[in-house]
Amino acid sequence: MINKIQDSIDDKIRQFCGEITPDKAIITVILMGVIMGGRVSIYYCLCDT
C-alpha cells in the first residue's frame, strides 16, 4: 500500500519535472533558496529575542 502511494507520487513528480525547461528549473531553485533563507533568517531573529 505504502509503496503504491510512493510510486504514484514519484510518477507525478517526474511528470512535473519533465515539463520544466532548464531556465524555469534554475529560477525555481533560486526562489526556493531565497524563500528558505528568508524563513531561516526570521526564525533566528525570533529566537534571539
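Note: the structure precedes this text.
Worth saying up front: this structure is predicted, and the values here are computed from it rather than measured. (Residues numbered from 1 in each chain as written. Predicted model: local features only at pLDDT ≥ 70, side-chain atom pairs only at ≥ 80, totals over all residues. Heavy atoms only, no water.)

Colleague: Even after reading the chapter, I still don't get the overall build of the chain, so can you show me in this structure?
Modeller: Looking only at helices and strands, the chain has two helices and zero strands in total. When burial is assessed residue by residue, the chain has 0% of its 49 residues classed as buried. Accessible surface for the chain amounts to roughly 4,800 Å². Of this, 68% is attributable to carbon and sulfur atoms. (Helix = DSSP H or I, 4+ residues; strand = E, 2+ residues; numbered from the N terminus. Buried < 20%, exposed > 50% of the residue type's maximum accessible area, 1.4 Å probe, protein only. Areas by Shrake-Rupley, 256 points an atom, 1.4 Å probe, with all protein chains shown as cover.)

Colleague: Is there a simple way to explain a nonpolar patch on the surface in this structure?
Modeller: Taken together, the side chains of Met1, Ile2, Ile5, Ile9 and Ile13 present a nonpolar region at the surface, about 550 Å² in accessible area. With respect to the element layout, Ile9 can be found in helix H1 (residues 2-19). (Patch = residues over 30% accessible without salt bridge, like charges linked within 9 Å, V, L, I, M, F, W, Y side chains within 5 Å. Salt bridge = Lys/Arg side-chain N within 4 Å of Asp/Glu carboxyl O.)

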